[in-house]
Amino acid sequence: MSYQYRLLDDELDELFPHLAAIAIEGAKGVGKTAMARQRVATILDLADPNQRRSVADNYDLVTQVRPPVLIDEWQLEPSVWDRIRRAVDDDNTGGRFLLTGSAGVGPAVRIHSGAGRIVSLRLRPMSLVERGIAQPTVSLRAMLAAEQPDIEGTTDVNVPDYAEEIVRSGFPGIRGLPTAARSAQLEGYIARIIERELPENDVLVRRPAALKRWMAAYAAATATDAAYSTILDAATPGESEKPARQTVSSYREHLTRLYVLDSVEAWIPTFSPLTRLTRTPKHHLVDPALAARLVGVGIDGLLRGEGQRVTTVAATSTWLGALFESLVVQSVRVYAQAAHATIGHLRTHNTNHDIDIIVESDDRRVVAIEVKVSGTVSDHDVRHLNWLHSQLGDRVVDRICITTGPYAYRRRDGVAVVPFALLGP
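Criteria and thresholds
- The numbers attached to residues start from 1 for each chain and follow its sequence in the written order.
- In keeping with the model being predicted, local features are shown solely for residues with a pLDDT of at least 70 and side-chain atom pairs are shown and tallied solely at 80 or more, while totals for entire chains, interfaces and linings include all residues.
- Excluding hydrogens and water, the side-chain values take into account all heavy atoms of the structure.
- To form a nonpolar core, buried Ala, Val, Leu, Ile, Met, Phe, Trp, Tyr and Cys residues must be joined to one another through side-chain atoms within 4.5 Å.
- Remark: exposure states derive from per-residue accessible area (1.4 Å probe, protein chains only) relative to the maximum for the residue type, with buried under 20%, exposed over 50%, and partly exposed in between.
- The contact rule is simple, with two residues in contact once any of their heavy atoms fall within 4.5 Å.
- All axes are obtained by fitting lines to C-alpha atoms, using only the stretch in contact for helices, and the reported angles, taken between N-to-C directions, cover 0 to 180 degrees.
- Secondary structure elements are defined from DSSP: runs of H or I of at least 4 residues count as helices, runs of E of at least 2 residues count as strands, and each element is numbered from the N terminus.
- Just so you know how the angles are binned, under 35 degrees is roughly parallel, over 145 roughly antiparallel, 65 to 115 roughly perpendicular, and the rest oblique.
- Looking at any residue, its pLDDT shows the predictor's confidence there, from 0 to 100.
- Pairs were defined over the aromatic rings of Phe, Tyr and Trp, the Trp ring being its six-membered one, requiring ring centres within 6.5 Å. Orientation was assigned from the angle between planes: stacked under 30 degrees, edge-to-face over 60, tilted for the rest.
- A ring is considered to have a charge above it if a Lys NZ or an Arg CZ atom is located within 6 Å of its centre and within 35 degrees of its normal.
- DSSP calls a pair of strands paired once it identifies at least 2 bridges connecting them.
- For a helix, the expected span equals 1.5 Å multiplied by the number of residues minus one.
- For the purpose of charge, His is not counted, nor are the chain termini; Lys and Arg are scored as positive and Asp and Glu as negative.
- When a carboxyl oxygen of Asp or Glu is within 4 Å of a side-chain nitrogen of Lys or Arg, the pair counts as a salt bridge.
- Any pair of N or O atoms that falls within 3.5 Å is considered a polar contact. Within protein, one atom must be able to donate a hydrogen and the other to accept it, and sequence-neighbouring residues count only if both atoms are side-chain atoms.

Engineer: Would you mind showing me how to read the nonpolar core here?
Structural biologist: In a soluble, globular protein the nonpolar side chains are often hidden away together inside. Formed by 96 residues in total, the largest nonpolar core has its most connected members in Trp214, Val359 and Ile402. In this structure Ile402 touches Phe324, Val328, Ile369, Glu370, Val371, Lys372, Val418, Phe420 and Leu423, once residues within four positions along its chain are discounted. If you look at the next biggest cluster of nonpolar residues, it comprises 19 residues, including Trp81, Ile84, Phe97 and Ile118.

Engineer: Explain the packing of helix H14 (residues 288–295) against helix H16 (residues 319–338) to me, please; I cannot follow it from the model alone.
Structural biologist: Packed helix pairs are specified by the crossing angle of their axes together with the interaxial distance, meaning the distance between the axes. The N-to-C vectors of H14 and H16 enclose an angle of 150 degrees; their axes lie 9 Å apart at closest approach. When the interaxial angle is binned, H14 and H16 end up roughly antiparallel. Along the contact surface, H14 presents Pro288, Ala291, Ala292 and Val295, while H16 presents Trp319, Leu323, Ser326, Leu327 and Gln330.

Engineer: Explanation requested: the confidence of the model for the protein in the structure shown.
Structural biologist: Reading fine detail from the predicted coordinates is not recommended where pLDDT is low. Across the protein, the average pLDDT comes to 92, with 94% of residues at 70 or higher. Low pLDDT (under 50) marks residues 106–111, which in the prediction has nine contacts with non-local residues, meaning those over four places away or in another chain.

Engineer: When you look at the packing of aromatic side chains in this model, what are you seeing that I'm missing?
Structural biologist: For any pair of aromatic rings, geometry is given as the distance between the ring centres together with the angle between the planes. Under the definition given, this model contains six aromatic pairs. Aromatic pair Tyr162 and Phe420: ring centres 5.8 Å apart, planes at 35 degrees, arrangement tilted. Taken together, the positions of Tyr162 in helix H8 (residues 159–168) and Phe420 in the loop between strand S12 (416–419) and strand S13 (423–424) put the pair 258 residues apart, joining distant regions of the chain. With relative accessibility at 0%, the residue Phe420 sits in the buried group. Cluster of aromatic residues (ring-pair linked, three or more members): Tyr162, Phe324 and Phe420. It is Arg252 that lies over the ring of Tyr228; its NZ or CZ is 3.7 Å from the centre.

Engineer: In this structure, what is going on with the pairing of strand S7 (residues 341–347)? I would like to understand it.
Structural biologist: Remark: a regular strand shows side chains that alternate across the two faces of the sheet. Taken across its seven residues, S7 has six buried, putting it largely inside the fold. Of the pairings in the sheet, the one linking S7 to strand S8 (residues 354–361) comprises six bridges and is antiparallel in character. By the bridge assignment for S8, Thr342 is matched with Glu360. A loop of six residues connects S7 with S8, the two strands running antiparallel in sequence, and Thr351 in this loop sits at a positive phi of about 60 degrees.

Engineer: I'm lost on helix H11 (residues 208–220) in this one. Help?
Structural biologist: An α-helical turn contains 3.6 residues, so a residue and the one three or four places further along point in the same direction. In a regular helix each residue adds 1.5 Å, so 13 residues correspond to 18 Å; H11 covers 18 Å between its end C-alpha atoms and thus fits that length. Every buried residue of H11 is listed here: Ala210, Leu211, Trp214, Met215, Ala216, Ala217, Tyr218, Ala219 and Ala220. Buried residues along H11 sit in contact with helix H10 (179–200), helix H12 (228–235), helix H13 (245–257), H14 and H16.

Engineer: Teacher, can you tell me more about the pairing of S12 here?
Structural biologist: Neither face of S12 is open: one carries Ala416 and Val418, the other Val417 and Pro419, and all of them are buried. Bridge count for strand S10 (residues 396–403) against S12 is four bridges, and the pairing is parallel. What sits directly across from Cys401, in S12, is Val417. Direction of pairing for strand S11 (residues 409–410) relative to S12: antiparallel, over a ladder of two bridges. Bridge assignment links Arg410 to a residue of S12, and that residue is Ala416. Following S11, the chain reverses through five residues before pairing antiparallel with S12; Gly414 in that reversal takes a positive phi of roughly 95 degrees.

Engineer: Whenever I open this one, the sheet that holds strand S1 (residues 21–25) confuses me. Can you help?
Structural biologist: Strands in a sheet are paired, the pairing made by backbone hydrogen bonds, and the direction either parallel or antiparallel. As summarised here, the arrangement of the five strands in space is S2-S3-S4-S1-S5, forming an open sheet in which the pairing is parallel. Only two strands of the sheet have a single partner each, and these edge strands are strand S2 (42–45) and strand S5 (118–122). Going across the sheet, the axis of each strand differs from the next one's by a mean of 20 degrees, ignoring polarity.

Engineer: I tried to follow H16 on my own but got confused; where do I start?
Structural biologist: Between its first and last C-alpha, H16 extends 29 Å over 20 residues, near the 28 Å set by a 1.5 Å rise per residue. For H16, the buried fraction is high: 19 of the 20 residues fall into the buried class. Remark: His340 follows H16 within two positions and exhibits a positive phi of approximately 60 degrees.

Engineer: Got a minute to help me understand the side chain of Lys32 in this structure?
Structural biologist: Mapped onto the fold, Lys32 is located in helix H2 (residues 32–37). For the buried residue Lys32, which engages in no salt bridge, the nearest side chain bearing the opposite charge is Glu73, 5.1 Å off. One polar contact links the side chain of Lys32 to the main-chain carbonyl oxygen of Gly26, over a distance of 3.3 Å. Ignoring sequence-local partners within four residues, the contact set of Lys32 consists of Ile24, Glu25, Gly26, Ala27, Thr100, Gly101, Ser102 and Leu123.

Engineer: How should the sheet that holds strand S9 (residues 366–371) be read in this particular structure?
Structural biologist: Spatial strand order, S7-S8-S9-S10-S12-S11: six strands in an open sheet with mixed pairing. Two strands in the sheet have a free side with no partner beyond their single neighbour: S7 and S11. Looking at chain direction, S9 and S10 are connected through six bridges and run parallel. In the sheet register, Val366 faces S10, and the bridge partner there is Val396. Along the sheet, helix H17 (residues 383–392) makes contact with S7, S8, S9 and S10, crossing S10 at roughly 175 degrees.

Printed below as a string of structure tokens:
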């Protein structure tokens, strides 16, 4: 199967010739190994017991084989990280090591920081642009630079198409499968996380069924900032003996380290007049297809409004709306990373103002984004965007309302209305 280009390829091609070691990190199945394989002469696969034993018996092996060398699933032999760190100290010639791993760093995994030696890059599931759904006409990078005043373009991509993309997944090895096989793979992915990935990372799962119920409740809270106590109650209805808070916190921490949970942190701007903003993250899984599978809803169910939600005051009104927002978040993260920007969300304590996505560049320029699973946009839909612009002025370089409609245009108040399929990096 031929390799499919990813946006991160550009960043990797720019950096790797000049950096001795780069770690490509992300959830299992996002395409890290395929990306790294394009650039190396030697592969040490630590998921292979024989190769893992060879490396464990002689950590110097990573410096003795022909470079560039890929150390795949490095976290299975954590001391490899320190050996490469020392190798970079000895020789920082660019293009020597690529590491790939599907577990983030916890206190028991990486003793020494790789700062200044090993640069980490995050790979997420495929964005809508990488899936080839449509040719984008609006660039997030250009908007951050205040260089795209003209908003135009049309698309035939509609609500059923977006619903299909939600359940098809952004995992390269899953999205092309027939419906039944894809469902089986997603179910197997969830089971693998619980039964294999967590234990491999020294996490004891005493009650696998209870953990899966908690994950389903978390999925049902997608695109909300529901309290973790609310999620636990939804996972254990009618049960007087609930898992201990420490146990649930441990699961949450480790699922985040495995990149399965991918929440959007609250945006707290520096040097601004905004006060009384919440600091609660909005809940998202790494791929909305996993959320749909955990809750047990397919394309038809999404379009009919099926799917049990964890309801909160600030919850997105429909299950399709929540997963559509998660799909948008997944892609915007990728586009923002390509533009060297970060994302967050904004909500005031009194919930008077709520903005789904805040994209902020390293020079504090802001693009504010609202997501609507609708083809039309009213003044009411953009009121929070306009409020933020009134508060921060020129620091908000653009405002976008993402829709499921056919046309991209700019409203008289300056808000860009952009069909999701037409937004690109």
